[in-house]
Structure formats: C-alpha cells, structure tokens
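Here is how the chains run, residue by residue.
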Protein chains: 2
Amino acid sequence: MDHKRATIKDIAATLRISPSTVSKALRDHPNIGVVTKERVKKLAQQLHFVPNQAAIRFKQQKSFTLGIVIPNMLDHFYVAAVEGFERFAYDNGYNVLICQSHESLQREKELLCTLQANRVDGLVIAISRETADTTHINEFVHAGIPIVYFIRKPINEEYHCVCSDVYKGATDAVAYLVSRGHLRIGLINASSFWTTSRDRFLGYRDGLIQHQIPFDKSLVQESDFTQEHNFQATRRLMQLPNPPTAILSFKDQVMLDAHNCLRREFASNADTIELIGYGANPMIQYLERPPLASLKEQPYEIGQKSGLLLLDLINHPQPGYEPQLIKVPCELQVFTA
Amino acid sequence: MDHKRATIKDIAATLRISPSTVSKALRDHPNIGVVTKERVKKLAQQLHFVPNQAAIRFKQQKSFTLGIVIPNMLDHFYVAAVEGFERFAYDNGYNVLICQSHESLQREKELLCTLQANRVDGLVIAISRETADTTHINEFVHAGIPIVYFIRKPINEEYHCVCSDVYKGATDAVAYLVSRGHLRIGLINASSFWTTSRDRFLGYRDGLIQHQIPFDKSLVQESDFTQEHNFQATRRLMQLPNPPTAILSFKDQVMLDAHNCLRREFASNADTIELIGYGANPMIQYLERPPLASLKEQPYEIGQKSGLLLLDLINHPQPGYEPQLIKVPCELQVFTA
DNA sequence: TTGTATGCGTTATCAG
DNA sequence: CTGATAACGCATACAA
C-alpha cells in the first residue's frame, strides 16, 4: 500500500509515451491531442497522482509560499488578520507560513532567517514590540523579496503598509466622548516606535483641538500589553490632581485591564469613568457591565488587502514602486445602551 | 543588490574548487581540510549564502514540513496546542503548515489534498464537527504518511491520539459539585462522534454512580459551539420539571453562553446554579461574577506530545506500531473564593 | 583530501 | 501533435 507515490515518469512509462507529453497533457496544454489527454488523466486518477509541489517549486525557482509574521495568535485581531491573508493566498495558489514573534526581536530575526531559507516569495509583517531597528527586515528588501508591513509599521521606514485608520478612529472616539460631556480625556497609548501609536496620538490630540479642549500631556500614558503596565498606566492617570473622566486605550486588552484596575482600586469612580478601546473584542459581550465602546477594526480586510498588495508586488516587480499606504476604516461600536 | 542569491556553485567557482567540496565543507564533513572549510565558510558569509531548502527538500525526498489541522484559531485552546506543536517542530528542523477547517468537512478534505501535494512528512489533526466519515484521512495512512489525532478523535478509528484526560476531569468535577451539595447535575456535551465527548459523558456518569446519584438522561444535552445552540441546551435543562442546580459543560465557551442565558432568562436562579467548563479560558478573569470552576487543560503539552509522537513515527516507521493513546491530565481550577 | 558523476520530478525549449 | 534534452541546487557514492 505505502509504495512510492506515482510520478509523471510512471505514467509515461505505463502509457509508453514521454514524460513531457504527460506533463503537458495534465496541464491541458493545447498542443496535446484529446485522446492522449484522456488516457493520461485517467491513469493519473487511478494512480492517485498528485504533482510534487517540492519539485515544481524547485524547478520554477518559486516557493509559492508566503510568510506572515505576527506578535502572537492569542489576540483575535491577529487571528482574523491571518485568516484574511491566508484565504486570499490559498485562493491564489500560495501556502502560508504563519510565524509568531512573541514580541521578541531575537525571535523575529530567527523567523526571518527561516523564511529566507524557505525562499518565501513575499512577506507580511507586524513588527514586534522590540523592533526599533529594522536591519533584518531590510535584508529581505535587498534580496528583492517584496514586503508589506501591516498593522504595525516602524515610524521611520517608508514601505508599503496596510493598517486601520486609527487616526480617524481616535478623533471619532474623542468626539463621542465630548458629546457625552467629557472634558478630561485620558489616552493609554503604546510604543512610540510605531506609526499606529503616533496616529492614535495625533487623532486624539487633533480631536481635542477640534473641540477647543486644551491638550494636557499628563493625560497621555504609555503602556505595553502586560497587565502589570496597563494597571500602572491607569493608576498614573487616576492619581493625577485632576484625573480624567474618560479614557481611550490603544487596544481592548488595555481597556479591559484599565476596567479591572478601576473596579479594584478606584471603586468609587469606577462606574463613572467611560472607557473606549480598539478592537471590539467579542468577549466583551460576556461582561456584566461592559465598557462604553470600542473602535471596531476590520482585521480580516486588512489581511486580505495585504495579500492583494503583496501578490501585486510579486507579480509586477517594479523597481520604483511608490510605497502604498492603505488605510482600512474603523468604526465606533457602542456597548452600553 | 537584488541579483540572484548565491548558490554552492557560485562559491565553488569563485574559490576554484568543486561544488561537492563546498557542500561538504559547509556541513563540516570530516573529509574536508580545515583551511578549505575556513575559506568556504568565509565566502559563504560574505555572499549571504543561505542553503536553498527547496532544493534540499527535493533532493532528500522529504519536505521537512508537518501539517496541523484544527477547527479554528479563535479558540485559545487550539492556539496553545498549535504553539506547543510548532515549537517542538521548529526545534527539530521542521516547518509547520497550520490549517483551519472551520468545522467544515469539505474544507478539511481540500486541506488534506493541499497537504498531500506539499508532501508533508506527517500530520496532526483535530477533526471537524462534520467529520463522521474518515476516508480522506485514511488516504494519508495508505500513502504511508504518519498521522496523529489530537484533541478530537473519531470514535471508531483506532489510531494514535493525544488528548486531555477528560474522563478524569469529569469525575473530578462531579465529585467537587457533590461535595458542594449538588444532587442534580446537568451536562452539556458535544458531538457523539468524538471520543472526547464520549469520555466526558462516561466520566460524568461514573462520577455520579460513585456518589450513589442516579443517572438521569434528561440531564444530558448535546450542543455544538454556536451561541444559539448553547442557549437552547441551557433552556432545555432549566425547563425540566426538576432542573439541575449545577451544570458541567463541554467547553468554557459553552459554559459562558450558559452563564449568559441564565442571567438573561432565568435571573432568579442565575446565582445559585454553579457552572463548570473545560479550558480555563483566561478571559474569565474579567468577569465580575465568574462561574464556579473550569477544568484547566494543558493544550501546549498536548501539542508538544503530538509532535513528539509524530516525529517518532516519522523517524522510526514500523508497520505494526501499536496505536498510542496519550492522555494529558487536566485539573480543576476554582474561580470563586 | 578533493573532484566527478548522477539523480531527485518537473517543465521549457527546441527538434522531429 | 509528440518526444528528447537540459536545467533547477544540492547531496552522495564513488573515483582519483
């Protein structure tokens, strides 16, 4: 039963025709007679012939494999982004190697090395928290492998990028909070290495300015994605002489920790502080007293568009391709009635 | 910059030695002189030489790639299992193709076909909800590709399998509920195709018997993972003439829906009904009134052990390998103080 | 110690 | 319409 798998040669030998004829017949090459095609295809079926991708890849000098690097898969946001990308890739005949950096620069470097050894035809990456230096990524660019940043992009690199329109999201959130009477609005933001942080900040600041609310930099705190730091950032805000009455957070995860912190440590105001995050995490529906709102992003579309852009770069390599910056809208979703 | 990548031939030509010498030198073959090795390695570095895995795979007739098929990645449990598997695979020089069936048999078949075309060296699979027939999987077995079922296994197939010891988990849960005075304990279970459902059921039933509690089959309901059905199953239990005072659920997701259903539709008893699920979902920490407990499983270890077993099967192919059944313990984690 | 020859499965090119 | 041949990058058995 488990003898070697059938190859084109086997088919050719059995049918006493040449391998190249078989190859063409299987792929419906116009130069092959209908009768021959039929015979070949029939036998191929009988032998459970499946073309050896390894050989094709080798021959074509193309791996038909794309790499996608994300910080982790515990975040539904990234999972959805991967799915959008993967679906698009599969539909176009590509495999996808999914890699998690776990927010480690070291690991990210190793992954890129593996991906390079695997001769991926293209790469989509959301850089790790630690990725301030991008030499390892630029190596890919030098090797001529198309790259698309997505979700997170280093602030000083001008490359193709697909991400949420977090700027508009922030201004919308601020506008909504102002409409509910808030004048002291806090921001818990993430690494300033990323454009996605800077854009949230700019949206927040411009949102305030649009409503003639003075910008107060003590109301802006930085955190990462650890519960510890999220709690600390929340405390710093709440211990201000004039604490905020509403907080916009970089992500729902951060918002949930802030929510928890308020409940445990600032119980007296916990219910009056209104919170908005990014992501519209589906788990929020299970909370008894949900936060105010979240900016619902479209990670699936982000993944899809990254794939579209990447394949375009692969199929139409142009030296001076102007860096594309694609922004996918996000929308305020209000939880409390 | 983006000219073709260096190959062994390039190095050989530059150094005016033969490709095979280069090949051996790079892999520290004992037959090569130290001086030559040095020269080769130095130049390889300079040229940023990375061995072409595609060629190696082709040559070796091995893909150094493993497949892992799971229902989806939205469930942290599967994500952790994938991670355990992946880490183990990477550490042993294998790549991993992660595939999601999205609980669709059709998609599962397509995925297996792709994996076969990619000549994966082995496969780990948690079958979809719809997978009652396993012909498509048996094809792999016939092709001589090692397979390990994990997490979910069809009830009528005797193959290698790694999963949680859900039987013991269920008896433990029942024992704990009994110790808290419960005599009417419900069970919301999943598809009876799976051993993992049957074992939960057996553990539940035997647990009751051990405590001289009569088994009442109306207390056992089946659901899938949709919120709709989870709500329905909960309603069916609560609308019994003599409803349960505690419910054991197939998964935390099911338990959370039951929790929600109770709160919304049976508010008067919502707080007295004690709930136990499987999975110890980390999001539970954010609930104000968490359920009673959850059986904490060890998905990472399950993934790891699946990898270990799979690699063993790949490296020591034995025709009459006795099917291994590996059970990873799970432990009751109590949330309410 | 080093080099030469061969083949893995497929496809592209060119000749018949 | 069909077939022969070469090539992709590497590893290996064998020859020198």
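Thresholds, definitions, all that
- Residues numbered from 1 in each chain as written.
- Chains lettered and ligands numbered in written order.
- Predicted model: local features only at pLDDT ≥ 70, side-chain atom pairs only at ≥ 80, totals over all residues.
- Heavy atoms only, no water.
- Near = heavy atom within 4 Å.
- Polar contact = N/O pair within 3.5 Å; in protein donor to acceptor, adjacent residues only side chain to side chain.
- Helix = DSSP H or I, 4+ residues; strand = E, 2+ residues; numbered from the N terminus.
- Contact = heavy atoms within 4.5 Å.
- Buried area = accessible area lost by both parts, 1.4 Å probe.
- Salt bridge = Lys/Arg side-chain N within 4 Å of Asp/Glu carboxyl O.
- Nonpolar A, V, L, I, M, F, W, Y, C, P; charged D, E, K, R; others polar.
- UniProt positions renumbered as here; feature names shortened; annotations may be inferred.
- Phe/Tyr/Trp six-rings, centres within 6.5 Å; stacked < 30°, edge-to-face > 60°.
- Buried < 20%, exposed > 50% of the residue type's maximum accessible area, 1.4 Å probe, protein only.
- Axes fitted to C-alpha atoms, helices over the stretch in contact; angles between N-to-C directions.
- Parallel < 35°, antiparallel > 145°, perpendicular 65-115°, else oblique.
- Left-handed = near helix turned anticlockwise from the far one by under 90°.
- Expected span 1.5 Å × (residues − 1).
- Domains from an automatic or database assignment.
- Disulfide = S-S within 2.5 Å.
- Pairing = 2+ DSSP bridges.

### Details of the protein's contact with DNA strand D
If you check the shell around DNA strand D, you find 25 residues, and the closest are T21, K24 and G33 of chain A together with I8 and S23 of chain B. Protein-proximal atoms of DNA strand D, defined as those within 4 Å of the protein, fall in sugar or phosphate at a share of 57%. One of the side-chain nitrogen or oxygen atoms of Q61 of chain A is found 3.0 Å away from a phosphate oxygen of DNA strand D. S23 of chain B is positioned such that a nitrogen or oxygen atom in its side chain is 2.9 Å from a phosphate oxygen of DNA strand D. Residue assignment for the surface near DNA strand D shows that the elements contributing at least two residues are α2 (19–26) and α4 (53–60) of chain A together with α1 (8–15), α2 (19–26) and α4 (53–60) of chain B.

### Examining the interface of chain B and chain A
Taken together, the contact between chain B and chain A spans 49 residues of the former and 49 residues of the latter. Taking both sides of the interface into account, the surface hidden between chain B and chain A amounts to around 5200 Å²; carbon and sulfur atoms contribute 51%. Looking only at chain B, the three residues that lose the most surface to chain A are R119, Y286 and E288 of chain B, adding up to 15% of its buried area. In this assembly, chain B and chain A are joined by zero salt bridges. Linking chain B with chain A are 16 residue pairs in polar contact (both at pLDDT 80 or more). Ranked by residues supplied to the side of chain B that touches chain A, first place goes to helix α5 (residues 76–91) of chain B with seven residues. Here the side of chain B that touches chain A is composed, by residue class, of 23 nonpolar, 14 polar and twelve charged.

### Digging into the UniProt feature "domain: HTH lacI-type" (unreviewed entry) in chain A
Within the UniProt annotation, "domain: HTH lacI-type" (unreviewed entry) is assigned to residues 6–60 of chain A. The span residues 6–60 of chain A is 67% helical and 0% strand by assignment, and the distance between its end C-alpha atoms comes to 21 Å.

### Thoughts on the packing of aromatic side chains
The geometry of an aromatic ring pair comes down to the distance between the two centres and the angle between the two planes. Summed over all chains, the structure comprises 17 aromatic pairs over all chains. Aromatic pair W194 of chain A and F250 of chain A: ring centres 6.1 Å apart, planes at 45°, arrangement tilted. A residue pair is termed long-range when its members are at least 10 positions apart, and W194 of chain A in the loop between β6 (185–189) and α9 (195–210) and F250 of chain A in the loop between β8 (246–249) and α11 (252–265) qualify at 56 residues. Among the residues examined, W194 of chain A registers a relative accessible area of 0% and is labelled buried. Ring geometry for W194 of chain B and F225 of chain B: centres 6.4 Å apart, planes at 15°, overall stacked. Note that W194 of chain B is positioned in the loop between β6 (185–189) and α9 (195–210) and F225 of chain B in the loop between β7 (220–222) and α10 (227–238), a separation of 31 residues in sequence. Judged by relative accessible area, which is 22%, F225 of chain B ranks as partly exposed. Following the ring pairs from residue to residue traces out a cluster consisting of W194, F225 and F250 of chain A.

### Describing the packing of α1 of chain B against helix α3 (residues 34–46) of chain B
All names here are of chain B. Taken N-terminus to C-terminus, the directions of α1 and α3 make an angle of 120°; their axes are 10 Å apart at the nearest point. Classified by the angle between their axes, α1 and α3 sit oblique to one another. Here the hand of the crossing between α1 and α3 comes out right-handed. Listed contacts from α3 to I11, T14 and L15 of α1 are R39, V40, L43 and A44. A per-class count over the contact of α1 with α3 returns five nonpolar, one polar and one charged.

### Structural notes on α9 of chain B
Residue and element names in this part refer to chain B. The terminal C-alpha atoms of α9 lie 22 Å apart, and with 16 residues this matches the ideal 22 Å at 1.5 Å per residue to within 8%. Taken as a whole, α9 has its buried residues at T195, T196, S197, D199, R200, G203, Y204, D206, G207 and L208. Buried positions along α9 lie against β5 (161–164), α8 (166–179), β6, β7, β9 (274–278) and β11 (325–328). One or two residues past the end of α9 sits Q212, with phi positive at roughly 55°.

### Observations regarding the domain arrangement of chain A
Segmenting chain A into domains produces domain 1 (8–51), domain 2 (63–163 + 299–329) and domain 3 (166–296). Using C-alpha coordinates to define each centre, domain 1 of chain A is positioned 38 Å away from domain 2 of chain A.

### A few points about the protein's contact with DNA strand C
Near DNA strand C you find 25 residues, and of these I8 and S23 of chain A together with S20, K24 and K59 of chain B are the closest. A distance of 2.7 Å separates a phosphate oxygen of DNA strand C from a polar atom in the side chain of S23 of chain A. Taken together, the elements giving at least two residues each to the surface near DNA strand C come down to α1 (8–15), α2 and α4 of chain A together with α2 and α4 of chain B. Its residues assigned to classes, the surface near DNA strand C shows eight nonpolar, eleven polar and six charged.

### As for the state of the cysteines
All names here are of chain A. Within this structure, the stated rule accounts for zero disulfides over all chains. Lacking any disulfide linkage, C161 is separated from the closest cysteine sulfur, that of C163, by 4.0 Å. You can call C161 buried: its relative accessible area is 1%.

### Focus: the sheet that holds strand β8 (residues 246–249) of chain B
Residues and elements named next belong to chain B. The strand order across the open sheet built from six strands is β7-β6-β8-β9-β10-β12, with neighbouring strands paired in mixed fashion. Every other strand in the sheet has two partners, leaving β7 and β12 (331–334) as the edge strands with one partner each. Pairwise comparison of adjacent strand axes, ignoring direction, gives a mean angle of 20° for this sheet. Looking at chain direction, strand β10 (residues 293–296) and β12 are connected through four bridges and run antiparallel. Across the sheet, residue K296 finds its bridge partner in β12, namely E331. Helix-sheet contacts for α8 involve β6, β8, β9, β10 and β12, and the interaxial angle to β9 is about 165°. Packing against the sheet, α9 makes contact with β6, β7 and β9, and its axis sits at approximately 170° to β6.

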